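Residue strings, one per chain:
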Amino acid sequence: MKVAILTFFNNGNFGSELQAIAMGVFLQNLGYNPVFCKCGSTKLIGRIVRLISRKCKEKIYVIFNKEFRSMNIALRENALKQCAISLETRKKIHEDSKKLICSTVINTNKLKYQFDAYICGSDQIWSPFIMPLKKEYYLPFVPTEKKIAYGPSFGVSQLPEYHKNKIYKMVDKFKFLSVRESNAIPIVQNLCGKTPKLVCDPTILISSEKWNELVDANIGTEDTVKAKYVFAYFLGRMEKELHDIIITEFKDFRIILQPKQEVSFSENIKSEDMGLFSFLNGIRNAEYVITDSFHGTVFSVLFKKKFVVFSRNNVDKIKQVSRLDSFLAILGITHRFWNGETSLKTLIQEDINYDQVLLKLKKYQKQSQIYLQNALKEIEEKNKVERKIE
């Protein structure tokens, strides 16, 4: 069965690319043929027209919608606080992902006729910060019985008013409906009265053993660091205060910082461009992981690393900690998120009981696998009946 997947991929972001790879690998292991789809024109002029149209819509929203205008300003301010991923890193990430991702650019009108099943998700494809709204991530052009929402994320605990009505109309059309964060459940319930299934991020659908296989098959000997080190993965720009904390608490370690940041660091901080599998290998072999990232946290758990999560350097209106809160709560380790009020030294020294954590992770993983498998089987059976009738 040919399955179309609409999610973030080929964008040079570690987390987005890895969740896409994981979904593809999981579906292939089930015997399906996954294809990652990017809606749009295959012709340059079509892409230009689409881009101009989106920019015009955004300008109209900014002029006539006060809430949208306020959010737009916050987004621009927030961008200045985030770490810009270098072109070289994006190139390396893309080179690694295209080895495992089958993708196509396709017109929406053609997309609905070329696949047997459709999955939207995971990642923050339902984020209200995507402005204007990208309807293709809600699959409104696909029949209800053929589409699956697998773990799409809003990334926030409350939707802005300017998107609610549009999102309601599209979310209400899903039969197979799930979300990635627990606080997204009441959002959906309030929108359309449906209770979505809580599922794990696709990176958790496949085992740590499978991730080890993928890493081993795609790295070279130069990707292994022999000295003991701390792996620091921060999507927020590293300010002096955070830099000083890290240097003080991990003064006996070399520190590998990702993604590469063009700022002045202490001599024992190394920051260079990495591809996907060098990145995973960096987490896998680290003595310790420190991060402000959801996927940095996920892979710390999958590789059974000691880790601490820091709050990301965001504008208050753009805070997106719901997915981290939800994930850590499911595993019973919310205290690994350092709030600045407790002793960081004590937290760093504290062991993580991975026997208990992995039992909870396995249950979470199994429930999510069953949800997706059952949805695909139901669609597959319905397709068989339709073909017999024809």
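Parameters at a glance
- Note that residues are indexed from 1 along each chain, following the sequence as it is written.
- The model is predicted, so local features are restricted to residues of pLDDT at least 70 and side-chain atom pairs to those at 80 or more, both for listing and for counting; the totals for chains, interfaces and linings are taken over all residues.
- Side-chain figures throughout are based on the complete set of non-hydrogen atoms in the structure, without hydrogens or water.
- Only protein chains enter the accessibility calculation, which uses a 1.4 Å probe. A residue is then buried if its area is under 20% of the maximum for its type, exposed if over 50%, and partly exposed in between.
- Helical segments are the DSSP runs of H or I of at least four residues, strand segments are the runs of E of at least two, and each set is numbered from the N terminus.
- Should DSSP find at least two bridges between two strands, the strands are regarded as paired.
- A clockwise path from the first strand over the helix to the second, with the strands pointing away from the viewer, defines a right-handed crossover.
- Whenever a helix is involved, its axis is fitted only over the stretch in contact; in every case the axis is a line through C-alpha atoms, and angles between N-to-C directions fall within 0 to 180 degrees.
- Pairing of aromatic side chains requires ring centres within 6.5 Å, counting the rings of Phe and Tyr and the six-membered ring of Trp. Pairs whose planes differ by under 30 degrees are stacked, by over 60 edge-to-face, and all others tilted.
- Whenever a carboxyl oxygen of Asp or Glu lies within 4 Å of a side-chain nitrogen of Lys or Arg, that contact is scored as a salt bridge.
- Note on definitions: a residue-residue contact is assigned when non-hydrogen atoms from the two residues lie within 4.5 Å.

> Before we move on, could you go through the pairing of strand β11 (residues 288–291) and cite the residues and values that matter?
A two-sided burial pattern is seen for β11, the buried positions comprising Tyr 288 and Ile 290 on one face and Val 289 and Thr 291 on the other. The pairing of β11 with strand β12 (residues 307–309) spans 3 bridges and is classified as parallel. By the bridge assignment, Val 289 is partnered in β12 with Phe 307. One crossover worth recording links β11 to the parallel β12 by way of helix α11 (residues 294–302), and it is right-handed.

> Report on the sheet that holds strand β8 (residues 229–233), specifying residues and quantitative values.
In sheet architecture, strand pairing relies on hydrogen bonds along the backbone and comes in two forms, parallel and antiparallel. Within the open sheet, the 5 strands sit side by side as β10-β9-β8-β11-β12. Their pairing is parallel. Looking along the sheet, the strands with just one partner apiece sit at the ends: β10 (269–271) and β12. Taking each pair of neighbouring strands and ignoring which way they run, the sheet shows an average axis angle of 20°. Both β8 and β11 contribute to a ladder of 4 bridges, which runs parallel. From the neighbouring strand, Tyr 233 faces β11, where its bridge partner is Thr 291.

> Report on the packing of aromatic side chains, specifying residues and quantitative values.
Scanning all chains against the criterion turns up 18 aromatic pairs. Seen in terms of ring centroids, Phe 250 and Tyr 288 are 5.4 Å apart; in terms of plane orientation they differ by 50°. Their pairing is tilted. Residue Phe 250 is located in the loop between α9 (240–249) and β9 (254–258), and its partner Tyr 288 is located in strand β11; the two are separated by 38 residues in the primary sequence. In this structure Phe 250 comes out as buried when scored by relative accessible area, which is 4%.

> Can you lay out the sheet that holds strand β4 (residues 117–120) for me, pointing to particular residues and giving the numbers?
Pairing is parallel in the open sheet, where 7 strands are placed in the order β3-β2-β1-β4-β5-β6-β7. Single-partner strands in this sheet number two, and they are β3 (103–106) and β7 (197–198). As judged from the 3 bridges shared by β4 and strand β5 (residues 147–149), these two strands associate in the parallel manner. Bridging from a neighbouring strand, Cys 120 pairs with Ala 149 of β5.

> Describe in detail the pattern of salt bridges, supporting the description with residues and values.
Per the stated rule, a full pass over the model turns up 13 salt bridges. For Glu 378, the salt bridge is made with Lys 175, and the minimal N-O distance between the two is 2.3 Å. Of this pair, Glu 378 sits in helix α14 (residues 354–389) while Lys 175 sits in the loop between α6 (161–171) and β6 (176–179), and the two are 203 residues apart along the sequence. Look at Lys 175 and you get partly exposed, because its relative accessible area is 49%. Taking the shortest distance from any N to any O, the salt bridge between Glu 350 and Arg 336 comes out at 3.4 Å.

> Describe the environment of Asp 325, naming the residues involved and giving the relevant values.
As for its position among the elements, Asp 325 is in helix α12 (residues 322–331). Residues Asp 325 and Phe 337, spaced 12 residues apart in sequence, show a C-alpha to C-alpha distance of 8.3 Å. Excluding residues within four positions of it along the chain, Asp 325 makes contact with Thr 334 and Phe 337.

> So what's going on with the environment of Ala 20? Residues and values would help.
In this structure, Ala 20 sits in helix α1 (residues 14–29). Each C-alpha atom of the pair Ala 20 and Thr 203 lies 8.1 Å from the other, and the pair is 183 residues apart in sequence. In contact with Ala 20, other than residues within four places in its own chain, are Phe 8, Phe 9, Phe 36 and Ile 101.

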